[in-house]
Amino acid sequence: QQQVKQSPQSLIVQKGGISIINCAYENTAFDYFPWYQQFPGKGPALLIAIRPDVSEKKEGRFTISFNKSAKQFSLHIMDSQPGDSATYFCAASLTSAYSGAGSYQLTFGKGTKLSVIP
Amino acid sequence: NAGVMQNPRHLVRRRGQEARLRCSPMKGHSHVYWYRQLPEEGLKFMVYLQKENIIDESGMPKERFSAEFPKEGPSILRIQQVVRGDSAAYFCASSPAQGAYGYTFGSGTRLTVV
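Definitions and cut-offs
- Residues numbered from 1 in each chain as written.
- Chains lettered and ligands numbered in written order.
- Predicted model: local features only at pLDDT ≥ 70, side-chain atom pairs only at ≥ 80, totals over all residues.
- Heavy atoms only, no water.
- Contact = heavy atoms within 4.5 Å.
- Buried area = accessible area lost by both parts, 1.4 Å probe.
- Salt bridge = Lys/Arg side-chain N within 4 Å of Asp/Glu carboxyl O.
- Polar contact = N/O pair within 3.5 Å; in protein donor to acceptor, adjacent residues only side chain to side chain.
- Helix = DSSP H or I, 4+ residues; strand = E, 2+ residues; numbered from the N terminus.
- Nonpolar A, V, L, I, M, F, W, Y, C, P; charged D, E, K, R; others polar.
- Patch = residues over 30% accessible without salt bridge, like charges linked within 9 Å, V, L, I, M, F, W, Y side chains within 5 Å.
- Areas by Shrake-Rupley, 256 points an atom, 1.4 Å probe, with all protein chains shown as cover.
- Buried < 20%, exposed > 50% of the residue type's maximum accessible area, 1.4 Å probe, protein only.
- Pairing = 2+ DSSP bridges.
- Axes fitted to C-alpha atoms, helices over the stretch in contact; angles between N-to-C directions.

Novice: Before we go on, may I ask you to explain the interface of chain B and chain A in this structure?
Specialist: Buried accessible area, meaning the area lost when the parts come together, often serves as the stated size of an interface. Taken residue by residue, the interface counts 22 residues in chain B and 22 residues in chain A. Carbon and sulfur atoms supply 52% of the area buried between chain B and chain A, which totals about 1,800 Å² over both sides. With its nearest N and O atoms 3.6 Å apart, the salt bridge here joins B:Glu41 to A:Lys110. One can count 7 residue pairs in polar contact (both at pLDDT 80 or more) joining chain B with chain A. Mapped onto the side of chain B that touches chain A, the elements with two or more residues apiece are strand S4 (31–37) and strand S5 (43–50) of chain B. Residue composition of the side of chain B that touches chain A, grouped by class: 10 nonpolar, 7 polar and 5 charged.

Here you go:
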C-alpha cells in the first residue's frame, strides 16, 4: 500500500509562533496533496491543497511548501493561534484524469496533534 | 445547504450485534466514500459507491462488512457480529464527481463495541 509518512506526531507551539508539519510520500504518480484540519468530534475539513506544478501555495496564515524531487511537502502555520489547536492530516491522491483507484482514494498520514498555548 | 450528514454520531454495540451507519451525501453529490479512523491513526479508505453501485470495496474487510447506496435514501455501512476491534470512527465523504479533490467529509460515527 502506498504510504504517506507524517511528522511530528504531536507539536506544541506558543501563540504567535510558526507551526511546521512535514509529510513524505512514496508514489511519484501522486499529483494532489491536501491538508485536512480535524477538531475533536468533527470530520476532517479541507484546509489547503497543492499540486506538484508549484512549489508553494499560501492561503492566509497557511502555506504549503512542496519539494517534488525529495517527495516531501509541509504545512506552515504562521502566527499560530489557540484556535488552530487541532489534528492536522496530510494526504495524497491522483486526480481524476487518471481513472484508476488512485483518482478517488486519499492516502492519509497518521496526523499531527497541534496544541497552541497562550 | 446541509453538508454530509452522518448518523448516529455515537453508537454503542455489544460484541456480536450489528451496527448500521448512515450517510446522506451533500445535495448534488452522487459519489460516496467510507473511511475508518482507528485511534491515533489516519483515515483508511474502505469503499467507494455511486447510486446503486459499489465501485471499489478493496479497503473493506471481506467478512462482516457491507455497504450500499440505494437509489433512494442514504448510504449504509453495515457491520455484522461486531468485535472490539471494530471500535473506531467511521467517516463518510461525498463528491459531485469521481475525484478526491471534491471530497466533503461528514462528522463521523463513533462506534464503540463493549
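Novice: What is the right way to look at a nonpolar patch on the surface in this model?
Specialist: Residues and elements named next belong to chain A. On the surface, a cluster of nonpolar side chains totalling about 240 Å² of accessible area is made up of Ile18, Ile20 and Met78. Turning to its location among the elements, isoleucine 20 is positioned in strand S3 (residues 19–25). For isoleucine 20, a relative accessible area of 37% gives the class partly exposed.

Novice: Can you help me understand the sheet that holds S3(A) in this one?
Specialist: Within a sheet, adjacent strands bond to each other through the backbone by hydrogen bonds, running parallel or antiparallel. All names here are of chain A. Strand order in this open sheet of 5 strands is S1-S3-S8-S7-S6, and the pairing throughout is antiparallel. Edge positions in the sheet fall to strand S1 (4–7) and strand S6 (56–59), since each has one partner strand and no second. Shown here is a sheet whose adjacent strand axes are inclined to one another by a mean of 15°, direction ignored. Bridge count between S6 and strand S7 (residues 62–67): 4 bridges; the pairing is antiparallel. Paired with lysine 58 across the bridge in S7 is threonine 63.

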